[in-house]
Structures are given as C-alpha cells and as structure tokens.
Amino acid sequence: KNQNKSKITRSKNRGTRNQELDNSSAMNQSTMRAVRCHRFAALDKGGKPVATPSPIRDALRLEKVPPSTLRTDDKKKVLISTHYAGIQYPDFLQAQGLYQIKPKLPYTPGMDVAGIVIDKGSDVPDDQIRVGDRVYANTALCPDGGGGTGALAELVCVSSEAVFPIPNGLHLSSVANIGRNYCAAYHSLKVIGNVGPNDLVLVDGASGGVGKATVELAKAMGCKVIAGVSHMDKGTLPSMAGADKVLAYGRDRESHKKFKSEVKAAAAEMGHPEGVSLIVDVVHGDLFQDALVSCIKPLGKICLVGFVGGQKPIKPGLLLIKEAMVVGSLWGRWARQNPALFRNNMNEILSFMVDGKIEPRADRIFPLEDSVKAFELFEESKGRGNTVVSMNMSEQSKL
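All values reported here derive from a predicted model rather than from experimental measurement.

What counts, and where the lines are drawn
Residues numbered from 1 in each chain as written. Predicted model: local features only at pLDDT ≥ 70, side-chain atom pairs only at ≥ 80, totals over all residues. Heavy atoms only, no water. Helix = DSSP H or I, 4+ residues; strand = E, 2+ residues; numbered from the N terminus. Rg over C-alpha atoms; globule rule 2.2 N^0.38 Å. Buried < 20%, exposed > 50% of the residue type's maximum accessible area, 1.4 Å probe, protein only. Contact = heavy atoms within 4.5 Å. Areas by Shrake-Rupley, 256 points an atom, 1.4 Å probe, with all protein chains shown as cover. Lys, Arg positive; Asp, Glu negative; His and termini not counted. Charge placed at Lys NZ, Arg CZ, Asp CG, Glu CD. Phe/Tyr/Trp six-rings, centres within 6.5 Å; stacked < 30°, edge-to-face > 60°. pLDDT = per-residue confidence, 0-100. Core = buried A, V, L, I, M, F, W, Y, C linked by side-chain atoms within 4.5 Å.

Trainee: Outline the overall build of the protein chain, supporting the account with residue identities and numerical values.
Mentor: Each helix and strand in the protein chain was counted, giving 12 helices and 15 strands. Here the C-alpha radius of gyration of the protein chain, 21 Å, is about what a compact globule of 399 residues would show, namely 21 Å. Along the longest, intermediate and shortest principal axes, the C-alpha atoms of the protein chain span 60 × 55 × 35 Å. Among the 399 residues that make up the protein chain, the fraction classed as buried is 56%. Partitioning the contacts of the protein chain with sequence separation of at least 6, the portion at a separation of at least 24 is 74%. Here the protein chain has roughly 17500 Å² of accessible surface; of this, 50% comes from carbon and sulfur atoms. Once the 52 positive and 41 negative side-chain charges of the protein chain are each reduced to a mean point, those two points are 2 Å apart.

Trainee: Now, about the packing of aromatic side chains: what can you tell me, with residues and values included?
Mentor: According to the stated counting rule, one finds 7 aromatic pairs in the structure shown. For the pair Y249 and F259, a centre-to-centre distance of 5.5 Å together with 80° between the ring planes defines the contact as edge-to-face. In this pair, Y249 sits in the loop between β10 (245-248) and α7 (253-269) while F259 sits in helix α7, placing the two residues 10 residues apart along the sequence. What makes F259 buried here is its relative accessible area of 1%.

Trainee: Go over the environment of L330 with me, naming the residues and quoting the values.
Mentor: Summarising the element assignment, L330 is placed in the loop between β13 (325-328) and α10 (331-337). Along the backbone, L330 and K382 are 52 residues apart, and their C-alpha atoms lie at a distance of 24 Å. Setting aside residues no more than four positions away along its own chain, L330 makes contact with Q100 and H187.

Trainee: Lay out the confidence of the model for the protein chain with the relevant residues and their values.
Mentor: Per-residue confidence for the protein chain averages 90 on the pLDDT scale, and 90% of its residues sit at or above 70. Between residues 1-21, whose pLDDT stays under 50, and residues either more than four places distant or in other chains, the model counts 38 contacts.

Trainee: Tell me what's going on with the nonpolar core, and back it up with residues and numbers.
Mentor: Core analysis: the largest hydrophobic core is formed by 93 residues, its most contacted members being V175, I178, L189, L217, F342 and M353. Per element, the largest residue contribution to this core is 8 residues, and it comes from helix α4 (residues 178-192). Membership of the second largest hydrophobic core comes to 24 residues, among which are F259, M270, V276 and L287.

Structure below.
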C-alpha cells in the first residue's frame, strides 16, 4: 500500500521541450475559449421553475474570454492548461438552474479538469506540484468556492489543495470525471458506508457515471454488488464494470415490486438473507419507497446521492421497522474539512486505476466546439459512464 502511495505521488510526467513551448504560448495568449452559461434553462427571469425548460443549447455558448492568469498574490494557486473536462448530470442540472448550488450568471460550467501545469504560485512546493506535471483538479475543493464550476475553459486557475498529480500510464481523459463520479461513489461506500470485503452493495442508476463508478469501486474494495438499471438494455456497462448481478427496476410500481423481490432473492443467494449492507441511491423517486427500503438489512445504510427519478417524501414508518439509516451523501464539504484524508482517498482511487482494479476510461469524448452535445446527452436521458470534453478539436466521441 505504501508502495502504491509513492507511485501515485511521485510518478509524474514532466513536460517535453515542445510542451514547454506550448505552455509559454498558452500563458501569453490574449484570449481563451470557454463555455459560458448566460441563463438557467429551466428558470424564468425571476428565478422560478418553468413548466417546459428551454433547450440546454440555448443557455450555453462557446466564447472567447480573457484568459485565466496567475496573479502575483496567487501564491498557493496553480495554472493549468486544460486537456479534458468532465461533464456529468449535475453539470447539466446546474445549467438548468435546478442544482443545489446556483452560480452567479454568467459562469463557466464544469468541476473536473485534467491537464498540464503551466505555472504555479511561489508557495506551492516542488515536492507537491511542478510545472509540466500531469494533474487532475477539482474546482469544488477551492477554498474561495465557485460551486464546482470553471472547468470548460482552455486555462483554469485553482488552489493547489485542489490539484492531484496523475501517475504515468493513465491517460488524462480517463481521470476527467473523478470528482463527479468516483469521489461521490467513494464517499458513499467508504466514508459513510465503511464497506469491506464480502459486504453486499446495491446501487441503482448503475449505467450512469456515479452508478458505474460505485460498481467499480465496490468490487475493488472486495464487495459483492447488485446493480440496478431502469431497463436491461442499460445493463452492459455495470456488467462490464464487474457487477455480480444486474437487475431492472423499470419505471412503474409493478416493475419496482418485481425488482424488490429479485434483489431479496439475489441477496439470499449471495449469503445475505437479511438484505444488502449498503444502498447507493442515485434515482430516488417512487423506487425508494416501493423497493429500496425493503432491501436493506437491519441497521443498514441508504446513501442519497441523486434524484434522477424526482424527489418524493420519505415515510418514516418502514425505516423504523427496518431499523434503516438514510444519509445524504455530499463529499465536497467533508473533503474541504478533511484535506489529508481526502488526498488519501484520491490516492486509493488512482491506485485502483493503476493496478487495473478499475479500468481507466472515457466513454464519450466531445471536442470543445461540440461541448453542448455532452449536456444534451443528459437532457435526452442518454448519459452513460464517463462523458468528457476535449480541448483538441480533432478528438471525437468513442461511442
């Protein structure tokens, strides 16, 4: 384990001479390209939800703006030349104005950045970060806030606390969704759920970014996993990620009841007749009351991560009978308050990738010019796995 940690923190790819020239050019440019959100697609001018949201492409524009720079007083910050930015369902919700954090308009979307360090403040030590390092950065970890925005730009300036070196052998595109997907999944599994070998984890929305990451991380931690998807045609990704069982919960009450019975039967077959140890709930909606609560074992935990199926009132009666704990799972606050522990968690996630316990991948890649198409995947309920935007206009989607 200590060997892995050394590999993570010290295995850095220094810039080549050509890269140094590119970095110098990036710092001297008079403008940069960035995606800007000028209005919330699902809110009216008064900030109230509208019955029919505007198309998300009406809210987003690719513009030339003043470049991000490192000022003389930015002693603990790092300037990154962005190669890839991750876009997931929360980024789409935020551009609609329906996310829990509403940035001041206009803003640049995106929380996850992967790129090359081109400059750094005087108080950032070389043993932490050097110019030329390949890094991942998470804008939500910056002490000055921002609500996890700013990644969809050619240059990004962030606190050094939010920057993590990326080991050799991992392509930058494969780490561009660590924050939205893997950090959210890890927080539910380990910080809240404290799962270990042979625990049984149930995750719904398992074909999406957080759901698939939950399957991968749980298997890497030695757990058994039941993956839930809305329809079996979405079962390929969680199955490839290592799920022991993939079941469909459908979109109506009868399907939910069938799913509940199938989960209970699968849990018993896997040696957990009392139910699953932990549920990571990305969907909520009617599924929570119709099926999920009945599947948890006594004193088990249900982590609320998202509400793709809508938000519904939680009835306490069944929770009382099941002796179940329901916990909201937001990793950002915990990470900011526990930076050393969070860095250890990040190192473990990266170690899983380096060791092959998790397959590093980008499932869809869009060039910056087509970045609105990444948002439209979630508008059309077609989001799967890790969706990435590349600053290289020649790089196209893998799927």
